[in-house]
Structures are given as C-alpha cells and as structure tokens.
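Topology and contacts: notes
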Amino acid sequence: MDINDNIDSPFVLKVSFNKLITQYEKLISADNDFIAANAKRVIKIAEANPELRTGFSDLSLFKTYETDIAGILQDAFNPLLTTNEIKTASIPFHDIIFNSSERFKSIVNSAGTGFKLQIKNMPEDQRYIIACTIILNFCYGYSLNLKRPFLYEIPDKNGIIRYYKILYNADFTEIIPSEKAPKISQQDYDELLDNFENINLWKEKFPPNSYTFKGFVISNIFDVTDDQSISNIKSSLIGENKRKDEGFMKDFHDIFRSLLGLNDVKVGFSIYNKEDDSFEQVYGVGMDSYLLNKNTSLKCTDAMCSWSYQTLLKDKKFYAISDVDKFYKLSKGKAPQYKTLKNQGIKSAILAPIANAEGLMGILEIVSEKPKVLNSINANKLVDVMPFIVSAVERSKSEEENLIEAIIQKECTSIHSSVHWRFEKEARNFIKDQLSGNNPVFKKIAFENIYPLYGQIDIKGSSEARNWATQQDLTLQLTHVKQVLETIFKTEALPIYEQYIYQINTYLKGLKNSFQVDSEQQIAGFIKDEIEPILKHLYTRDELKFQIENYFHHIDDDVDVLYHHRKQYDDTITLINKEMAALLDKKQEEAQQMYPHYFERFKTDGVEHNMYIGESITKEDSFNPIYLYNLRLWQLQVMCEMENAYYQMQPSLPVALDVASMVLVFNQPLSISFRMDEKQFDVDGTYNARYEIVKKRVDKAYIKGTTDRVTQKGKISIVYSQKEDEVEYLRYITFLQSKNYLDTDIEIVELQDLQAVTGLRAIRVSVLYHKNKTDQSFYTYNDLMKEIKA
C-alpha cells in the first residue's frame, strides 16, 4: 500500500530522513568525540539503507526498516525520557505514526482496542488548500499564517476524555516543485488571498501531485486537558438556546468530568431569587438542581444550614462536602443540604457560588455518588472556570430581562411591526442624546397622509342575550333559596322566614316582568349578605342538609353565584372572539406580504380592526393608491370569510348568537400619532376626529325614516359618504359576486344623521354561506338557518 493512495493533494509524499542525516554529516567533525561517534553511527545506517535518504512511499517498508529508523531517531526519542515525553514521528496529513515514545504508546493503549487515533481541528475539506499555503511559505517565501491548534482527544482508562495539543517540528522536511508545477506570480498570490474557498482556483495554481514532499515531522505533544476543558466551557456557554438544547447538559457533564478527572460527576444549577431569598430550578432540557431535588423552589433557610448559607451567600466561597453520610450523621440529619443530597444517593459534592459584585446569582452544583472524590482541594480547580460561568449567567439574566420586556410589550403594549422602525429610530436618538450628556426626550411618533380602514364583526343582540342569561341564573338561584325557606317555615313558622320568602317572590316577579340594570347587583347582595348566613346556620338541621348542599353545589366557586346560563354566554363570546381574531390575524399575515400597513384589532362583543396604509408608514418611496384599493378589496373579502367561518362554528357554540359585519370607508388621508399615556395610536386634528366619532356611533345608526339598524345579520354593510366610494365598492361587490362571496340583493340606503355627523350612506348586500368547509353549495342567511335546523 502506498502513502499517496486515495489522497487528493498537490503533494507526492515520500518519507525521507535526508535533512536529518545532513545534520549528522555536519556533526562528524565535531570536537566532542561522543557526538562525532554518534553521528558516524547514524551515517553508517543511512549508507547501508540509501532508500531512507532518497525517500519511499510504500507503507510496508516501515516494517522492513523498523530497527534502522529507530536507530536514526534515537537522539530525538531519548530512552531516558521516553516514559515522560509524549512524542511521535509521523507523516504529515496522515494519522500514520511510525515511531513514538513509550508514554504515548501507554496513553493510546489505555484508550482501548476500539479506539482510533484522529487529529481534531483538521478540516478534511480544507486539507488541499492548507497544503497549498505550506507550499507558498516554503517555496515562495510568502508569510501566510494558517496555524490552528491541532488536538488529540483520547479517553483514559476510566473513560474520561483527555486533550493533547500537538506541536509540529517540520525542520526535517523538503518541498520540491516538479516540472508540471506552475510558477506562482505576485498576481497569482494576490488572487488567492481573496479566494480561500475556491478549490478549483487552488488546483489550477497547484495541480495534484505537482510537488514532492520529502521528510517527516516530529510531534511534541502536551496534556492540555485543564486548558481545553476551560475553553470548552467558554464555548458551551457562548452558544444560544442552551436551555432547549438536549445535548448541552450532557456535554457540560463531560467537560467537568475531564476537568476534574472523575468519570461519575454530574452538574446541576439553581438560581438565587434575591427578593424571596430562595433558590429556584433552572428551566431547560436536562437541567437539574441537586440542592432542590424535585422542588421547583425552596427558601434558602429550608435548603441549607446557617453555616453553608454564610459561606455561599455572604462569603461567596466554595462549599465542599467530601462525605455526605459523615456530615449527615454529625448534623443528626438536621442540616437540610445533607439530607437532600443523601436522599438522592449523593456521597460528595461541591457547591460553588455564581456571584458578581452585586451579589449571588445562583449555585453551581457538582455531585458524585462516590465519597471523598469531590473535596475542598479539587474545588480549587473551579477557580479558573467560574468567571466564565458568572459572565454566562449575567448574560443569560440580561437576555431573560430583555425577553420579559419583549413579552410584556408584545402581549400588553404591542407595537405593530409595520411601525416598529419608527419607534426604534426614536429610541436610538434617545440613547444618543443620553450618551452625549443631553437631556433626552422621546419625541412624538406621528404618521401623516395615511388612509384609514375600519371593520367589525359584531355580535347582534349580545346585551339582550346576557340579560336573559342573568335572569335565568338569578331565577334558578332564588328558587333554590325559596325552596329551603319554605321547608323550614313548615316546621318553624318564624315571621322572618315568611318575610324572606315574600322578598324572594318580589325579586322573581321583577325578573320576569321588568329586569333592571341594577337587579343583578341587588339580588346578589341580598343573597350573599342575608340569605347565605341563614343557610349556613340551618345546615345543622338534618332535614335541610340535602337541600342546602344541593344549593351550594350549584354555586360557582370562582364567582360565588349560580353561574350556568351566564357561563354559557361568556364562553360563547370568548370562543367567537378567539376564533374570529385568530382568523383575522392569519389573514393579516398574507395582507402584510402584499404591502406593509399598520394593523390593530380589539375584542369586544365581536372583533373590530383598524388599518392604516400610506407612504409615511412604509418608510420607502413605494406607495401607490393601487395598494389602498387592494387592501379595501382584501378587507371586504376577509369579512365575508369571517362571516362564513362564524356560521360554520355556530352550531357547536353553547349559545346560538348572530353576527353582523360592517366596513367604514373614509376616503381622505389623515394623520395619527402615538399617545404615550394610553399606549396606542389616535387620530390628530379636529377634522380627522370626525372619523373616530363615526367609528364609535355608526353601527348603532338607523336607516333614514325607519327603525332598522344599518347593520343586519346575514349582510355586510359598507358605510361611506362620497359618491366615488360607492362606485369603487360596487366594483368590488360585483367581483366578489362572481366568486360567490356575495349575493345579488344590493341595496343603497341613507342613514339618519348622527350627532355632528351627516350625509352618511350605506351599501348592504347579503353574504353567501357554506354549511361547512367542504360544502360546495351557497346559501343566504335564511336558507342556511333552515339547513342547520333541518
């Protein structure tokens, strides 16, 4: 087998001892007789085996010349140092070692028979290019530093990974260009500097097998396990999403095993909560706390004794427990940390404070199931590690605080992505002023000349439905109470019971005939303050126990009233709002892809939404009225889809309510600004305020000369004031009719004047529905109701 088989390289490799032998030729005339005699010994071996000088690539010759090679390398591999030095002679770009010290052999043998020695940090896909850079250095004198630390990772006899750094001595190598090797010019060199990844270019300048590499390299190897373990800890802590990475904690265990030279240690963490003076679990994949065991949090005084508390929290020093069982007995089982560790089968442990100048942030917990392997002596190996863990925890805390702020902003004071750039710009100006020593002011955020769009899908008769549900619940609750009082009155005819029965009958009559706004509050107060104390008193009577238990069984624990019909109503409203909002949000993502615009929605008795579109929002010089028209058509189509989605889900709702949809058209651009006090956008100017007034009142408006509201179930109402808006939306309606979204029953109506608003008109048109998502038929509202109830 040849060394060069199956290798893509600019080199033809030959093992040669020529340069080493040349050094010995110089030593023959040395003044020191011993040195001269030794040089003659080496020259004699070389003369007897000329191939060792001219070079060979046949791997079988290593066996042939094994003794001779050992003789030539005797000085480099001194027998007196062979059990101490870690040294090899090898072929570059190969894992072939043909001579080594006894200590190196012992290290490899301890790794076991299945272990294969491989150089780490030697990228396979870059070996060709690395070889080319070596040629540039050796043959052309260019100073290219591509040195990287090369390592061996070798497990010891206990299975613990140890790291060994390789330092190459290339004094005994030669690189000789062949006739087919192109000469590299300055222009070639300059081109290569900017094309490290272009393998084809490198192969053009350095064709395969165009240079001969003669010689060998001596590798001086050093155990750098401690340094590499610290480096690995740094690398691990720098990575993102550590808490979600399943392999993070496994790698962390392995790193600490290498650092401490122990194969059964485990690593845990606990976070210190200063406000509660407690330790808490770190939430993440595989992250355990041995100090807390299975508790999510513990008061510090419940997790450790006063001595360990003082050591870790106040003195910020390591706390080592070399023998858990011993200290558990000495404390008579009273010290919480010994008891917790003992219960988990832990025999020794090191608790290291993760602390900075501001105080304790958490605890690093290193534990073992063997006694005395962790102690106050090897705890000192953590000194070099802890600064990196402290930095990582500081960064993690900062990231968590930023994440919390981001969640609060998103869930509570959301700023839409379309205008986020403007807030970011102002925030940068604020920081710049602050750092410049100026008095920073967060300036007004405003957008001018933008077009508004408003729409809503409103639950019809929601107030009546809630009042009905309230009447039913109060009637049931009062009836239960009345039954109990009538039972006790038969055996104990106290006038007070009769008075309460009279009061209940009065309330029941009022609920049936004239339900008032304050009826619910009055009746709830009467039951809570006067009736329930009596029921609790009467509960001692055996003949009343069942009735009273039955009454309280129907009382909801959360709201402390009979909450059946009202719960059905509330659940229905919640489900409607949730589903409609989710559909609108999903559709909005598609709309934003068409053209960016501001969007916000609100859940009330239904779902409302505002949209604003214009040049000042998009920041770029790209706005065209076509995007406004497109968004209006999109809005109308989505309102039809929301109507359909609602009536497909209506049969599954606890209460069958109806909805009505409306779009408000405002064809003049306006300005909006962000109100810092209310954390929301609002329109600017008196004229623009007219838009907000119309928005708040228009869905309650009547058709002129009638008592009919402009919004009606089964129809979409488009409210506007200008003739051109009417023409525009009639075009959209015609298009949506062609797609079977809308029916043909278009009606145009005038609205009664609102306070401070006149001249409004509306287009109303029926929506076409499907019974379900797979249904291909189209129904008007009335037809759909017949189908659902059939």
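One can find the structure itself at the top, above this paragraph.
Because the structure is predicted, anything quoted here is derived from the model rather than measured.

Here we have 6 strands laid out as an open sheet, ordered β3-β2-β9-β6-β5-β4, and antiparallel in their pairing. Whereas interior strands pair on both sides, the edge strands pair on one side only; in this sheet they are β3 (97-100) and β4 (119-120). Packed onto the sheet, helix α6 (residues 102-110) meets β2 (86-90), β3, β5 (150-155), β6 (161-169) and β9 (217-223) and runs at close to 95 degrees relative to β2.

Another point: the environment of Gly455. Mapped onto the fold, Gly455 is located in strand β16 (residues 446-460). Put simply, Gly455 and Met639 are 184 residues apart on the chain and 8.0 Å apart in space, counted from C-alpha to C-alpha. Residue contacts for Gly455: discarding those within four places in its chain leaves Val607, Glu608, His609, Gln635, Met639, Met662 and Val663.

The subject of this paragraph is the packing of helix α24 (residues 625-649) against helix α26 (residues 723-738). Close contact between α24 and α26 brings their axes to 10 Å; oriented N to C, the two are set at 50 degrees. Taken together, the axes of α24 and α26 lie oblique to each other. In the packing of α24 onto α26, the handedness of the crossing is right-handed. Contact with α24, carried on its side by Tyr629, Arg632, Leu633, Gln635, Leu636 and Gln637, involves Glu728, Tyr729, Tyr732, Ile733, Phe735 and Leu736 of α26 and no other residues of that element. When the residues that make up the contact of α24 with α26 are grouped by side-chain class, the tally is 8 nonpolar, 2 polar and 2 charged.

As a further point, take empty space enclosed by the protein. The final tally for this structure, using the stated rule, is 3 cavities of 30 Å³ or more. The computed volume of the largest cavity comes to approximately 60 Å³. The wall of the largest cavity is formed by Leu664, Val665, Phe666, Arg690, Tyr691, Val694, Tyr720, Ser721 and Leu760. Residue assignment for the lining of the largest cavity shows that the elements contributing at least two residues are β19 (658-665) and α25 (686-697). In terms of residue class, the lining of the largest cavity is made up of 7 nonpolar, 1 polar and 1 charged.

Quick look at the pairing of strand β22 (residues 715-720) now. Judged by how many residues are buried, β22 sits mostly within the fold: 6 of 6 residues are covered. Taking every second residue as pointing to the same face, both faces of β22 are buried, with Lys715, Ser717 and Val719 on one and Ile716, Ile718 and Tyr720 on the other. Bridge count for β19 against β22 is 4 bridges, and the pairing is parallel. Bridging from a neighbouring strand, Ser661 pairs with Ile716 of β22. Bridge count for β22 against strand β24 (residues 761-766) is 6 bridges, and the pairing is antiparallel. By the bridge assignment for β24, Ile716 is matched with Val765.

Our focus in this paragraph is the sheet that holds strand β15 (residues 359-368). Taken together, 6 strands build an open sheet; the order of strands is β12-β11-β10-β15-β14-β13 and the sheet is antiparallel. Strand pairing shows two members of the sheet lacking a second neighbour, β12 (297-299) and β13 (319-321), which therefore form its edges. If you compare each strand with its neighbour and ignore which way they point, the axes differ by 20 degrees on average. In the sheet, strand β10 (residues 266-273) pairs with β15 via 6 bridges, with the strands oriented antiparallel.

Here the structure, examined in full by the defined rule, presents 25 aromatic pairs. Geometrically, the ring pair formed by Phe17 and Phe216 is tilted, given 5.0 Å between the ring centres and 45 degrees between the ring planes. Of this pair, Phe17 sits in the loop between β1 (11-15) and α1 (18-27) while Phe216 sits in the loop between β8 (211-215) and β9, and the two are 199 residues apart along the sequence. For Phe17, a relative accessible area of 0% corresponds to the buried category. Judged by its relative accessible area of 0%, Phe216 falls in the buried class. Ring geometry for Phe104 versus Tyr152: centroids 6.3 Å apart, planes at 55 degrees, classification tilted. Remark: Tyr152 occurs in strand β5 and Phe104 occurs in helix α6; sequence separation between them is 48 residues. Given the relative accessible area of 4%, Tyr152 is considered buried. An aromatic cluster of three or more residues is present, and its members are Phe17, Phe56, Phe62, Tyr65, Phe98, Phe172 and Phe216.

Counting through the fold element by element, His609 comes out in strand β18 (residues 606-613). Residue class for His609 comes out buried when judged on its relative accessible area of 2%. A distance of 3.0 Å separates a polar atom in the side chain of His609 from a polar atom in the side chain of Gln635. Discounting residues that sit within four places of it in the chain, His609 has contacts with Leu453, Tyr454, Gly455, Gln456, Leu584, Phe599, Glu600, Arg601, Gln635 and Met639.

Right, let's talk about unusual backbone geometry for a bit. Here Asn6, not a glycine, exhibits a phi torsion of approximately 60 degrees, which is positive. For Asn6, the location among the structural elements is in the segment before β1. Positive phi outside glycine occurs at Lys316, with the angle close to 55 degrees. Locating Lys316 in the fold gives a position in the loop between α13 (306-314) and β13. Accessibility expressed as a relative area gives 35% for Lys316, which makes it partly exposed.

Moving on to the environment of Val42. Checked against the element boundaries, Val42 lands in helix α2 (residues 33-48). Expressed as a C-alpha distance, the spacing of Val42 and Glu25, which sit 17 residues apart in the sequence, is 8.9 Å. Discounting residues that sit within four places of it in the chain, Val42 has contacts with Tyr24, Gly71 and Ile72.

Structurally, Ser16 can be placed in the loop between β1 and α1. Exposure remark for Ser16: the relative accessible area of 1% places this residue in the buried category. Here the side chain of Ser16 touches Asn18 through a polar contact of 3.1 Å, landing on its backbone nitrogen. Contacts of Ser16, omitting those with residues within four sequence positions, involve Leu52, Arg53, Gly55, Phe172, Lys214, Gly215 and Phe216.

Further remarks concern a nonpolar patch on the surface. A surface patch of nonpolar side chains, amounting to about 300 Å² of accessible area, comprises Leu27, Phe34 and Ile35. Mapping Leu27 onto the fold places it in helix α1. Assessed through its relative accessible area of 34%, Leu27 is described here as partly exposed.

It is worth spelling out the pattern of salt bridges at this point. Under the counting rule described, the total for this entry stands at 29 salt bridges. We note a salt bridge from Arg53 to Glu25, for which the minimum N-O separation is 2.6 Å. Here Arg53 is found in helix α3 (residues 51-54), whereas its partner Glu25 is found in helix α1, with 28 residues between them in sequence. For Glu25, a relative accessible area of 36% puts it in the partly exposed group. Here Glu66 makes a salt bridge to Lys63, at a shortest N to O gap of 3.5 Å. Overall, the relative accessible area of 65% leaves Lys63 in the exposed class. Here the residues in one salt-bridge network are Asp188, Glu191, Glu204 and Lys205, joined through shared partners.

So, on to the pairing of strand β20 (residues 670-675). Regular strands have side chains that alternate between both faces of the sheet. Of all 6 residues in β20, 5 are buried; the element is thus mostly enclosed. Of the pairings in the sheet, the one linking β16 to β20 comprises 3 bridges and is antiparallel in character. Across the sheet, residue Ala446 finds its bridge partner in β20, namely Ser673.

This next bit is on the state of the cysteines. Scanning the entire structure with this criterion turns up 0 disulfides. Not engaged in a disulfide, the cysteine Cys139 finds its nearest cysteine sulfur in Cys132; these two sulfurs lie 11 Å apart.

Parameters and conventions
- For every chain, the first residue of its written sequence is number 1, and the numbers climb from 1 along that sequence.
- Local features in this predicted model are restricted to residues of pLDDT 70 or higher, and side-chain atom pairs are both shown and tallied only at a pLDDT of 80 or more, whereas totals for entire chains, interfaces and linings draw on every residue.
- Only hydrogens and water are set aside; all other atoms, that is, all heavy atoms of the structure, feed into the side-chain values.
- By this definition, two strands are paired if DSSP reports at least two bridges between them.
- For helices the rule is a DSSP run of H or I covering at least 4 residues; for strands it is a run of E covering at least 2, with both sets numbered from the N terminus onward.
- Pairs of residues are marked as contacts when any of their non-hydrogen atoms sit within 4.5 Å.
- Between N-to-C directions, angles cover 0 to 180 degrees, with each direction set by a line fitted to C-alpha atoms, over the stretch in contact for helices.
- For classification purposes, angles smaller than 35 degrees are called roughly parallel, those larger than 145 roughly antiparallel, those between 65 and 115 roughly perpendicular, and all remaining angles oblique.
- Whether a crossing is left-handed or right-handed is set by the direction in which the near helix is turned from the far one by less than a right angle, anticlockwise for left-handed and clockwise for right-handed.
- Residues are grouped as follows: nonpolar covers Ala, Val, Leu, Ile, Met, Phe, Trp, Tyr, Cys and Pro; charged covers Asp, Glu, Lys and Arg; every other residue, Gly included, is treated as polar.
- Cavities and pockets were defined on a 1 Å grid built over protein atoms only: a cavity is a set of grid points that admits a 1.4 Å probe from which the probe cannot escape, a pocket is an open set flanked by protein on both sides within 12 Å along at least five of seven lines, and lining residues are those with an atom within 4 Å of any such point.
- Grid points are joined across faces, edges and corners, and a volume is the space filled by probe spheres set on the points.
- Burial status follows relative accessibility: with a 1.4 Å probe on protein chains alone, a residue under 20% of its type maximum counts as buried, one over 50% as exposed, and anything between as partly exposed.
- For this analysis, a ring pair means two rings from Phe, Tyr or Trp (six-membered ring only for Trp) whose centres lie within 6.5 Å, classed as stacked if their planes differ by under 30 degrees, edge-to-face if by over 60, and tilted for the remaining angles.
- Polar contact is defined as a pair of N or O atoms within 3.5 Å, subject to the rule that within protein one atom must be able to donate a hydrogen and the other to accept it, and that residues adjacent in sequence are counted only when both atoms are side-chain atoms.
- Within this analysis, patches are made of residues with over 30% relative accessible area and no salt bridge. Like charges are joined at 9 Å or less; nonpolar side chains (Val, Leu, Ile, Met, Phe, Trp, Tyr) at 5 Å or less.
- Only the protein chains shown count as cover for residues, and all accessible areas are computed by the Shrake-Rupley method using a 1.4 Å probe.
- The working definition used for a salt bridge is a side-chain nitrogen of Lys or Arg within 4 Å of a carboxyl oxygen of Asp or Glu.
- Disulfide assignment relies on a single distance test, namely cysteine sulfur atoms paired within 2.5 Å.

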